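Descriptive analysis of the structure
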Amino acid sequence: MTDSWLDGHGPDKDVVISSRVRIARNYAGLPFPHMMDEAAESAADEKTHVIAERLSGGVCERMSDMSPFRRRALVENHLISNDCADNVKNGALLPIEGQLANIMINEEDHLRIQAFRQGFDTEGALDLALETASAVEGTAELAYSESFGYLTCCPSNTGTGLRISAMLHLPALCITGNISPTVQAIGKIGLTVRGIYGEGSEALGNIYQLSNNITLGHSEKELLDSFNAACLQIIRNERLLRLLLFKNRREEIEDRIFRSWGLLSNAMMISTKELMNWLSDVRLGIYYKLFPELDESVPEAILSRALNGALQSRVNSPLSGSELRQERAKTIKSIIRGI
Amino acid sequence: MLCDECGQREATLHLMAVVNGKKTERHLCSVCAEKSHELEAAAGLKPDALLSAILKHGGEDGRREADSRVCSCGMTLERFHKEGRLGCPECYKTFGDVLVPMLQRLHGALAHSSGRLQPSVQDEPAPADEKPAESAIDALKRELREAIELENYEQAAVLRDRIREKEAAENDGFMA
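Quantities reported herein were computed from a predicted structural model and do not represent experimental measurements.

**Let's talk about the overall build of chain A**
What chain A contains, in helices and strands, is 12 helices and 10 strands. Compactness check: chain A gives a C-alpha radius of gyration of 21 Å against a globular reference of 20 Å for 339 residues, within 12% of the reference. Judged by the C-alpha coordinates and their principal axes, chain A covers about 65 × 45 × 30 Å. Counting across all 339 residues of chain A, residues that qualify as buried make up 57%. Considering only intrachain contacts with a sequence separation of at least 6, the fraction spanning at least 24 residues in chain A is 70%. Counting 35 positive and 44 negative side-chain charges, chain A places the averaged centre of each group 7 Å from the other.

**Digging into the overall build of chain B**
Within chain B, the secondary structure is distributed over 8 helices and 2 strands. Taken from N to C terminus, the helices and strands of chain B fall in the order β-β-α-α-α-α-α-α-α-α. Going through the 176 residues of chain B one by one, you find that 39% of them count as buried. In chain B, once contacts between residues fewer than 6 apart in sequence are set aside, the share between residues at least 24 apart is 43%. Accessible surface for chain B amounts to roughly 10,600 Å². Of this, 53% is attributable to carbon and sulfur atoms.

**Considerations on the packing of aromatic side chains**
Residue and element names in this part refer to chain A. For the structure shown, the criterion picks out 7 aromatic pairs over all chains. Where W5 meets F116, the ring centres are 5.2 Å apart and the plane angle is 50°; that geometry is what we call tilted. Of this pair, W5 sits in the segment before β1 (16-25) while F116 sits in strand β5 (residues 111-118), placing them 111 residues apart in sequence. No difference in accessibility class separates W5 from F116, as the two residues are buried.

**Some remarks on the interface of chain A and chain B**
Contacts between the two partners involve 39 residues from chain A, matched on the other side by 33 residues from chain B. Summing the contributions of chain A and of chain B, the shared interface buries around 2,900 Å²; its carbon and sulfur component is 60%. It is A:M35, A:F148 and A:P155 in chain A that bury the most area against chain B; as a group they hold 23% of the surface buried on that side. Counting across the interface, chain A meets chain B through 5 residue pairs in polar contact (both at pLDDT 80 or more). Those elements that provide at least two residues to the side of chain A that touches chain B are α4 (122-137), β6 (144-145) and β7 (149-150) of chain A.

**Notes on the side chain of A:R242**
Relative to the helices and strands, A:R242 is located in helix α7 (residues 220-248). A polar contact of 2.6 Å, which involves the side chain of A:R242, links it to the side chain of A:E238.

**Some points on the pairing of strand β9 (residues 191-195) of chain A**
Residue and element names in this part refer to chain A. Here β9 shows a buried face lined by L191, V193 and G195 and an unburied face lined by T192 and R194. One ladder, built from 5 bridges, connects β9 with strand β10 (residues 207-212); its direction is antiparallel. Note that in β10 the partner of G195 across the bridge is Y208.

**Overview of the pattern of salt bridges**
Residues and elements named next belong to chain A. Taken as a whole, this structure holds 22 salt bridges over all chains when the rule is applied. For D225, the salt bridge goes to K221, with nearest N and O atoms at 3.0 Å. One end of the pair is D225 and the other is K221, both in helix α7 and 4 residues apart, which spans about a single turn. A salt bridge links R250 to E254, with the nearest nitrogen and oxygen atoms 3.1 Å apart. Residue R250 and its partner E254 are both found in helix α8 (residues 250-266); the two are separated by 4 residues, about one turn of the helix. Sharing partners across several salt bridges, the network here consists of E107, E108, D109 and R112.

**Some points on unusual backbone geometry**
All names here are of chain A. Here D12, not a glycine, exhibits a phi torsion of approximately 55°, which is positive. When you line up the elements, D12 lands in the segment before β1. Residue D12 is classed as partly exposed on the basis of its relative accessible area of 27%. Even without a glycine there, the phi angle at K289 is positive, about 60°. Position of K289 relative to the elements: it lies in the loop between α9 (272-287) and α10 (298-305).

**Observations concerning the confidence of the model for chain B**
Residue and element names in this part refer to chain B. Per-residue confidence for chain B averages 70 on the pLDDT scale, and 58% of its residues sit at or above 70. Taking the mean pLDDT of every element in chain B, the minimum, 50, falls on helix α2 (residues 38-44) and the maximum, 94, on helix α5 (residues 91-94). Note that residues 43-47 has pLDDT below 50 and, in this model, 2 contacts with residues that lie over four places away or in other chains. Quick note on the complex model: pTM equals 0.75, ipTM equals 0.84.

**Observations concerning the pairing of strand β3 (residues 92-95) of chain A**
Residues and elements named next belong to chain A. With 2 bridges joining them, strand β2 (residues 61-62) and β3 adopt antiparallel strand pairing. By the bridge assignment for β3, E61 is matched with L93. The pairing of β3 with strand β4 (residues 101-105) spans 4 bridges and is antiparallel. The residue of β4 that forms the bridge with L93 is M104. A loop of 5 residues connects β3 with β4, the two strands running antiparallel in sequence, and G98 in this loop sits at a positive phi of about 70°.

**A word on the environment of A:A92**
Residue and element names in this part refer to chain A. Summarising the element assignment, A92 is placed in strand β3. Along the sequence, A92 and T215 sit 123 residues apart, while their C-alpha atoms lie 25 Å from each other. Sequence-distant contacts of A92, defined by excluding residues within four places in its chain, comprise C60, E61, R62, M63, C84, I103, M104 and I105.

**With respect to the sheet that holds β4(A)**
Residue and element names in this part refer to chain A. Within the open sheet, the 8 strands sit side by side as β2-β3-β4-β5-β1-β8-β10-β9. Their pairing is antiparallel. Looking along the sheet, the strands with just one partner apiece sit at the ends: β2 and β9. As defined by bridge partners, strand β8 (residues 162-169) adjoins β10 across 5 bridges and the pair is classed as antiparallel. Following the sheet pairing, A166 is matched in β10 by L210.

**Some remarks on helix α6 (residues 179-187) of chain A**
Residues and elements named next belong to chain A. All buried positions along α6 are accounted for by I179, T182 and I186. In a view along the axis of α6, the buried residues occupy a sector of 60°, so they form one face of it. Against α5 (171-175), β9, β10 and α7 lie the buried residues of α6.

Reading the values: the criteria
- Residues numbered from 1 in each chain as written.
- Chains lettered and ligands numbered in written order.
- Predicted model: local features only at pLDDT ≥ 70, side-chain atom pairs only at ≥ 80, totals over all residues.
- Heavy atoms only, no water.
- Helix = DSSP H or I, 4+ residues; strand = E, 2+ residues; numbered from the N terminus.
- Rg over C-alpha atoms; globule rule 2.2 N^0.38 Å.
- Buried < 20%, exposed > 50% of the residue type's maximum accessible area, 1.4 Å probe, protein only.
- Contact = heavy atoms within 4.5 Å.
- Lys, Arg positive; Asp, Glu negative; His and termini not counted.
- Charge placed at Lys NZ, Arg CZ, Asp CG, Glu CD.
- Areas by Shrake-Rupley, 256 points an atom, 1.4 Å probe, with all protein chains shown as cover.
- Phe/Tyr/Trp six-rings, centres within 6.5 Å; stacked < 30°, edge-to-face > 60°.
- Buried area = accessible area lost by both parts, 1.4 Å probe.
- Polar contact = N/O pair within 3.5 Å; in protein donor to acceptor, adjacent residues only side chain to side chain.
- Pairing = 2+ DSSP bridges.
- Salt bridge = Lys/Arg side-chain N within 4 Å of Asp/Glu carboxyl O.
- pLDDT = per-residue confidence, 0-100.
- Arc of directions from axis to C-beta.

And the structure:
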């Protein structure tokens, strides 16, 4: 599985960029990662190596062996969490051989299995995640109780340890001011919606992550079904509003899209914030079929290669703010031209 | 108004929480407030601080006993309240009676429900208790331990509340 695993395909890709299922598990008989002493760490390490032999061809990438840029690039490509990237003490990543899946080691829990799918395919992601979890279960004894299910470090994850999420591009909901009501409605059914890029309540690029909060008292299938129902509703609303926008405000929207396209493909220095804003408009333009010559994989390729971690990882050295903005612009141009 | 905790100093911090429609109030003097990290929890607004604030005010009847339980991994209730994270799988047994109502609030459910095959986990047998003549409270405490061993956390919570009531009644009688 390469860093650039997203290439603009998948079911409902016009709204859903990708789907992910995360399963949290812990080793039986050991403290959770934040309470491990050296002895516990070694014991956990041994168990992890057995899993690596079985599932990742023996590959266990330690965070301490990676440059900070590489770790940041992995976060940018949604392959690991910030907590995993920051854990240079004993964090690691097991890439599952031949699959769009990996296992984060010693994040909040000993094992965080992740399965990925392009577009709206939470079911595919869940199947893959459960398959991987099953394989892990055959290799190591896991912490489990009849009452609480799979035991996790934070009680908010206990039970199934399951987190289903989807990355959604919601420009029409944002432009028409319908994000807040959506967030509130979603909150009432045990799910959350939050911006992926940007600080705090910002949602740069109009890209949101929808995920479930509840992990106990429902089976994996039930959690999947209620998640999918909510996601479908959001997809419908977004598509409806995109249609309305084009119908009622066509000139304004087209102008906005083409301006963003002009800047994205011609500016010589581009900040992350500018990239995210312009790219959101260009994605919408692709949806409206305004860029027939542009390859569908371009937006994902840009996000994979033109953010700070990826830019610095490629040259393996830090870049100043000004250099980053220049490199970003160059990278974007080469991607657009198909180089 | 006197402090709920020490009953000696004047209460200067008044906390009111509404959880699931139920209102609880706590009144603390500055000394006890500092000791109990209430101020951090109230001012913090970090998710774990919020969680710990809900934990404290949710099932309380106003008088809080210092719970000195320590899990084999070193985790204490106080630390869990502060950090929002447990220490090891055993913590679910050690603090089961506290976790059950909390999980009820978080997930709206208690029982784990999954169609998947589970790995076999061997529970340790309950240690045999020696029994000299027991008082009523001792009997309840023994039942509480047994309920926890059997992972019957709802029963454990009921027993815990009855123990508190009995101990409170005894203390009141003593101080009167």
